[in-house]
Amino acid sequence: MKKIDFLKYAAFSLALGLTVAACDDDDEVANGGGEETTVDPSELSFIVSAGDPDNDLSGGIAMRIYSDLSDATRTSQEVYNDATSGNTLKIADCFTQVTFNSESQVFTGFVYARAAGAEEDGGLGSKQAGLRCYQIADGPVLEEISGSPVLLSNFGNTGSFGTYSYAAQISNPYAEVLSFSGNSSVTGELITLSLPTIAIDEVNPSVSNIVDMGNDKLAMVLNYSNRDSAVVAFTDHTLAVDASRVIYDSRIGASVGATRSVRYAQSGADDNGNVYVFSGNPTNDDRIGALRINSGTETFDSSYFFDIAAESDGYRFRKAFHISDDYFLLEFFIDKDNHGNTATSGRMAVVKMEDKSFTWVTGLPTDYENISIAWGDGYNGVYYLPISGATSMSGSGDGDGVTPTVYAINAATGVATTFMTFKTTELVKAFTIIKQ
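What counts and how
Here, residues in each chain are numbered from 1, in the same order as that chain's written sequence. Two thresholds apply to this predicted model, a pLDDT of at least 70 for residue-level local features and 80 or more for giving and counting side-chain atom pairs, whereas whole-chain, interface and lining totals are computed over all residues. Hydrogens and water are ignored here; the side-chain numbers use all heavy atoms of the structure. Numbering of helices and strands runs from the N terminus, with a helix taken as a DSSP run of H or I at least four residues long and a strand as a DSSP run of E at least two residues long. Working definition: with a 1.4 Å probe on protein chains only, accessible area under 20% of the residue-type maximum means buried, over 50% means exposed, and in between means partly exposed. The criterion used for residue contact is that any of the two residues' heavy atoms lie within 4.5 Å. Surface accessibility follows the Shrake-Rupley procedure with a 1.4 Å probe radius. Residue values consider only the protein chains on display as shielding. Pairing between strands is defined by DSSP: at least two bridges between them are needed. Working convention: axes come from line fits to C-alpha atoms, limited for helices to the stretch in contact. Angles between N-to-C directions cover 0 to 180 degrees. Salt bridges are identified by distance alone: a Lys or Arg side-chain nitrogen within 4 Å of an Asp or Glu carboxyl oxygen.

Draft legend 1. Fine view of the overall build of the protein. Scanning the protein from terminus to terminus reveals two helices and 33 strands. Each of the 436 residues in the protein was classed as buried or not, and the buried ones make up 58%. Relative to all contacts within the protein whose residues are 6 or more apart in sequence, the contacts with residues 24 or more apart total 53%. Element-wise, carbon and sulfur atoms account for 43% of the exposed surface of the protein, whose accessible area totals about 16700 Å².

Draft legend 2. Quick look at the sheet that holds strand β25 (residues 327-333). Sheet architecture is open: four strands sit in the order β24-β25-β26-β27, paired in antiparallel fashion. Two strands in the sheet have a free side with no partner beyond their single neighbour: β24 (317-324) and β27 (357-360). On average, each strand axis in the sheet is tilted by 25° relative to the strand beside it, whichever way the strands run. One ladder, built from six bridges, connects β24 with β25; its direction is antiparallel.

Draft legend 3. Looking closely at the pattern of salt bridges. Overall, the coordinates contain 18 salt bridges when judged by the stated rule. Of the charged contacts, one joins R74 and D71 as a salt bridge, the two residues approaching to 4.0 Å between their closest N and O atoms. A relative accessible area of 7% means that R74 is categorised as buried. Linked through salt bridges whose partners overlap, the residues forming this network are D325, D326, K352 and D355.

Draft legend 4. Fine view of the environment of I252. Topologically, I252 is positioned in the loop between β18 (246-249) and β19 (257-259). Residue class for I252 comes out buried when judged on its relative accessible area of 0%. Note: C-alpha distance between I252 and T283 (31 residues apart in sequence) is 9.6 Å. Residues within four places of I252 in sequence aside, it is in contact with D228, S229, A230, V277, F278, S279, R287, G289, A290, L291 and F305.

Draft legend 5. Fine view of the pairing of strand β22 (residues 275-279). By the criterion of burial, β22 is predominantly enclosed, with five of the five residues buried. Hairpin remark: strand β21 (residues 267-269) followed by β22, antiparallel, with five residues in the connecting loop; positive phi at G273, about 85°. As paired strands, β22 and strand β23 (residues 289-293) are joined by five bridges and run antiparallel to one another. Paired with F278 across the strands is A290, a residue of β23.

In structure tokens form, the structure reads like this:
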């Protein structure tokens, strides 16, 4: 891998109307850097995953690779309903989460059991969860690799670290870890996590996120159902937990977000290897905030506390996503008094962690009950966020007429502009940048 110093662009595109600043690649800074090069956005590809708005989580999904992130000519696109494009792959299963591992160059879709497609159409079936893995083949097109799908009973949090991808269970101390031979075959291993060794009052913690700190070192962010505080276990790629390397801090609450059975990370590393642990929906209002683990350490920085509640006027948040540098995007609940598992969220804010600055995002749809916010991705000072019309799974179901759009959120200004649009018959599920 190479250390990447991204070029500055005075005019990224007419559609974006913004300037993006130079930043470092996440993985390379954490691993100590290397040979320098530059990457032009016109050479960067991305994957759009789309489904059927009338049959969300049951109608299957289609995935298409697009090239040239700087090209601003994409309007009224079709992915799910276009059977003519040679670089689109359509399957019977639906994904609740996706991840792209830049080390293994493998794209993984996570199929939740109750969301699976019909078995007769090649799906996993209504009672089986699984992970489907794809390599990038000539075309370019995604091609399912040997050994996929990897089946499992259930999962909550998902992600990747090193050359591995994983899905962790919610109520049991297990994680399905996928290893790849090159990027042409996959092997799954169900790892029994030693979480019972750090049980509190006979309650095991659950995995909220696994943050790659580089050099075979991981920060496993945990949460207890009976304890409202930040918990991080430091481990390696074996995921073995040693009680002597577990830290706790009650300045913030538990670090985890959720919608039904899906779990969302509220933690991540910046481009300098510092790990930030957020709590967006704790028991107590005064614990809404973020802590920092400085690069190279295994302790919370006692001098760092970001009081996000003070900046947001007491609003709570469900999700936290790294953009680039030390910018993160937070997805807030729209009602201060309604922030439960199925409550509506969708108001966005950008936070810059070193400065503890907070900026509400402007330019996004505000009809929160009638939109569906999907999985986005961050790159070079911009977060690309897909928003479509709501379905029965994502809102009121009255999302007809909403133009599915990928918005580009400028981290420095908090201004969102249109990057890409789709026909109203599409439900954009994910926008994933293929990072080399």
